[in-house]
Amino acid sequence: MYNTSLTIKTKNGCIESYQLPVNVLIDSTPNIVATIPDSACVNSSVFFTADVLNNSDESFRWTWNLGNGLNAYNKDTSYFYSAAGQYDLFVVGTSLAGCSDTVFHTMRIDPSPVIDAGFDSVICKDKSIMLNAKGADIYTWLPDASLSCTDCASPLASPLYNTTYFLTGTNS
């Protein structure tokens, strides 16, 4: 509690003083934490979470700077990055009293792999052909009924009729 005083002096020299007690409350400085991944893939959902360790977060205001000129205003949020690169993100948690804390983190958005399933091919009936995928670490081939494996780079294809195979590639 602080005692404040106000002294008033009129043009004629009359002086009057008032003293009033003023309560000054000290709000603790918040200590926030955030979960921000080190890396993610382009065009995939990236999840961000925040929390305050030493205050109730019910009355907190949250501001996420997503590192690309956009902001989000929820405690927890997600975003799809459409371009690969480094992003400097931060989140600010602010209490009702105006006290705030900030967490900074640099995140890498990796490009999608450039995969190649090889050339279109023609084979004779009752024959097989080796397919050869390139450009990724992990592969998934569809449809799988006529393939020797669906999760390898080079399955043996033995189709009974004209077949189009689809390849998905991901990096680890």
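Here we summarise the structure given alongside this text.

Conventions we followed
- Residues numbered from 1 in each chain as written.
- Predicted model: local features only at pLDDT ≥ 70, side-chain atom pairs only at ≥ 80, totals over all residues.
- Heavy atoms only, no water.
- 1 Å grid on protein atoms, 1.4 Å probe; cavity = no way out; pocket = protein on both sides within 12 Å on 5 of 7 lines; lining within 4 Å.
- Points joined across faces, edges and corners; volume = space filled by probe spheres on them.
- Nonpolar A, V, L, I, M, F, W, Y, C, P; charged D, E, K, R; others polar.
- Helix = DSSP H or I, 4+ residues; strand = E, 2+ residues; numbered from the N terminus.
- Contact = heavy atoms within 4.5 Å.
- Buried < 20%, exposed > 50% of the residue type's maximum accessible area, 1.4 Å probe, protein only.
- Pairing = 2+ DSSP bridges.
- Salt bridge = Lys/Arg side-chain N within 4 Å of Asp/Glu carboxyl O.
- Axes fitted to C-alpha atoms, helices over the stretch in contact; angles between N-to-C directions.

## What to know about the layout of surface pockets
In this structure, the largest pocket spans a volume of roughly 560 Å³. Lining the largest pocket are 21 residues, and of these S121, P159, T163, T164 and Y165 sit closest to its centre. For the lining of the largest pocket, the class distribution of residues is 13 nonpolar, five polar and three charged.

## Topic: the side chain of T94
With respect to the helices, strands and loops of the structure, T94 is situated in strand β9 (residues 85–94). Apart from the residues within four sequence positions on either side, T94 is in contact with S59, F60, R61, C99 and S100.

## Things to note about the pairing of strand β14 (residues 166–170)
Side chains of β14 alternate between two faces, with L167 and G169 buried and F166, T168 and T170 left unburied. One ladder, built from five bridges, connects strand β12 (residues 138–142) with β14; its direction is antiparallel. From the neighbouring strand, L142 faces β14, where its bridge partner is F166.

## What about the sheet that holds strand β6 (residues 61–65)?
Across the sheet, which stays open at both edges, the five strands sit in the order β4-β10-β9-β6-β7 with mixed pairing between neighbours. Strands at the two margins of the open sheet, each flanked by one partner only, are β4 (39–41) and β7 (71–72). With 10 bridges joining them, β9 and strand β10 (residues 100–110) adopt antiparallel strand pairing. Looking across to β10, one finds that G93 is bridged to D101.

## Here we look at the pattern of salt bridges
In this structure the tally under the stated criterion is two salt bridges. As a salt-bridge pair, K75 and D51 come within 3.8 Å of each other at their nearest N and O atoms. With K75 in the loop between β7 and β8 (77–80) and D51 in strand β5 (residues 45–52), this pair connects stretches of sequence that are 24 residues apart. Its relative accessible area of 27% is what places K75 among the partly exposed residues. Judged by relative accessible area, which is 34%, D51 ranks as partly exposed. Residue R108 is joined to D110 by a salt bridge in which the shortest nitrogen-to-oxygen separation is 2.6 Å. The exposure class assigned to R108 is partly exposed, which follows from its relative accessible area of 40%. Among the residues examined, D110 registers a relative accessible area of 24% and is labelled partly exposed.

## A word on the sheet that holds β8
Strand order in this open sheet of three strands is β3-β5-β8, and the pairing throughout is antiparallel. Each of the sheet's edge strands pairs with one partner strand only, and the pair in question is β3 (32–35) and β8. Mean inter-strand twist for the sheet, computed between neighbouring axes without regard to direction, equals 20°. Sheet topology note: the β3/β5 ladder contains four bridges and is antiparallel. Bridging from a neighbouring strand, T35 pairs with T49 of β5.

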